[in-house]
Amino acid sequence: MRMELPKNNKKEQYIERTQLTFKDIKGFRKKVQYIWEYYHILFFTVIICAALIGGVAASVYKNIKYKTIFYCTIVNNNLTEETHKALTQDFSNYIHLNEENEILTIDNSLTIDYAENSPQQENTYYSIQKLTALFASHTVDCFISDAVVTEAYATTAGFYDLNQILPQDMLDALSDRLVTFVAYENEDAPGIEGSYSIDITGTEFAKQYGIYLEHAYVSIIINSEHIDSAIAFIRFIFGL
């Protein structure tokens, strides 16, 4: 039932009419509807505040209790819920993750399309913002994407030269899959040629976990804080 403000707009008459009307409403459901009509904005405010406070508290608790040991972003390749769960669990088993205080993350939510009139412009803008924040906070360790997106980050010195950090046995085994780019730290700096990515297209890993990109590359972020885990992930990909 909707109440209208009395035409004379006197506060006392309005309060009196509202109270009498609510008292006269019959039935619990109608009373709830009446309360919702007048107080739903307040309810929403309280719920949102509670959710924000709870989210911050949960995040703080999680950061205290758990230690992140690996974070991988997969761009332009959404995994099914089943394959995402399988990949996370299989790699967790591979590195003997201690589930009591360690976590790893496989983030496959990002989409980047550099086409001028792309229907994914909004998602691209959001994804680039998120990646920028993740890179700046030293959160990401590994990066899987297509040739175009990988080149964009490799040529701006976003990845390690794998020749400098991979053990020799891995370099020997993966020599035919190393992908070379020329990286520039800034516009005035000379380019540095290096093997900044590995082609994982057509591997058993790609088939098993639904990496369907035409050209799929994996790289290690230049400021990764978990290089050992990133190298272990590449070993896991190729069964080395």
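As shown above, the structure is provided for reference.
First, a word on what this report is: a plain description of the structure on this page. (Residues numbered from 1 in each chain as written. Predicted model: local features only at pLDDT ≥ 70, side-chain atom pairs only at ≥ 80, totals over all residues. Heavy atoms only, no water.)

## Points about the packing of helix α3 (residues 81–94) against helix α9 (residues 227–238)
What counts here: Axis definition: a line fitted to C-alpha atoms, limited for helices to the stretch in contact. Angles are taken between N-to-C directions and run from 0 to 180 degrees. For helices the rule is a DSSP run of H or I covering at least 4 residues; for strands it is a run of E covering at least 2, with both sets numbered from the N terminus onward. Relative orientations are named as follows: roughly parallel for angles under 35 degrees, roughly antiparallel for angles over 145 degrees, roughly perpendicular for angles from 65 to 115 degrees, and oblique for any other angle. Crossing handedness is read from the near helix: turned anticlockwise from the far helix by less than a right angle, it gives a left-handed crossing, and turned clockwise, a right-handed one. Residues are treated as being in contact if the distance between any of their heavy atoms lies within 4.5 Å.
Interaxial distance between α3 and α9 falls to 11 Å at its minimum, and their mutual angle equals 110 degrees. Here α3 is positioned roughly perpendicular relative to α9, judged by the angle of their axes. In the crossing of α3 with α9, the sense of the turn from one axis to the other is right-handed. Seen from α3, the contacting residues are Leu87, Asp90, Phe91 and Tyr94; seen from α9, they are Ser229, Ala232, Phe233, Arg235 and Phe236.

## Describing helix α5 (residues 147–154)
Threshold: A 1.4 Å probe rolled over the protein chains alone gives each residue an accessible area, and that area as a share of the maximum for its type sets the label: buried under 20%, exposed over 50%, partly exposed in between. This arc is taken over the directions from the axis of the helix to the C-beta atoms. As used in this structure description, the phrase polar contact means that two N or O atoms lie within 3.5 Å; if the pair is within protein, one of them must be able to donate a hydrogen and the other to accept it, and residues adjacent in sequence are counted only when both atoms belong to side chains.
For α5, the complete set of buried residues consists of Val149, Thr150, Tyr153 and Ala154. End-on view of α5: buried residues confined to an arc of 130 degrees, all on one side of the axis. The inward-facing, buried residues of α5 abut β1 (67–75), α4 (121–136), β3 (142–145), β4 (178–183), β5 (192–199) and β6 (217–220). Measuring from the side-chain oxygen of the N-cap residue of α5 to the backbone nitrogen of valine 148 gives 3.1 Å; that N-cap residue is aspartate 146.

## Regarding the sheet that holds strand β2 (residues 102–110)
In a beta sheet, neighbouring strands are held together by backbone hydrogen bonds and run either parallel or antiparallel to one another. Where we set the bar: Pairing between strands is defined by DSSP: at least two bridges between the two strands are required.
Overall, mixed pairing links the 6 strands, which are arranged β2-β1-β3-β6-β5-β4 in an open sheet. Each edge of the open sheet is held by one strand with a lone partner, namely β2 and β4. Taken pair by pair, the neighbouring strands of this sheet meet at an average axis angle of 30 degrees, ignoring direction. Note that β1 and β3 share 3 bridges and pair parallel. Residue pairing for β3: isoleucine 74 is matched across the bridge by isoleucine 144. Where α5 meets the sheet, it contacts β1, β3, β4, β5 and β6, and its direction lies at approximately 140 degrees from that of β3. Packed on one face of the sheet, α9 meets β1, β3, β5 and β6 and runs near 55 degrees to β1.

## A word on the nonpolar core
Using the following cut-off: Residues enter a nonpolar core if they are buried and are Ala, Val, Leu, Ile, Met, Phe, Trp, Tyr or Cys, with the set joined through side-chain atoms within 4.5 Å.
Formed by 36 residues in total, the largest nonpolar core has its most connected members in Phe70, Leu87, Ile198, Phe205 and Phe233. Listing elements by their share of this core, those giving two or more residues are β1, α3, β2, β3, α7 (168–173), α8 (204–209), β6 and α9. A total of 8 residues in this core trace back to one element, the largest contributor, which is α9. Here isoleucine 198 is in contact with Leu162, Leu166, Leu174, Arg177, Leu178, Val179, Ala216, Tyr217, Val218, Ile234 and Phe238, once residues within four sequence places are set aside. Listed in part, the 19 residues of the second largest apolar core include Leu110, Ile112, Val179 and Tyr217.

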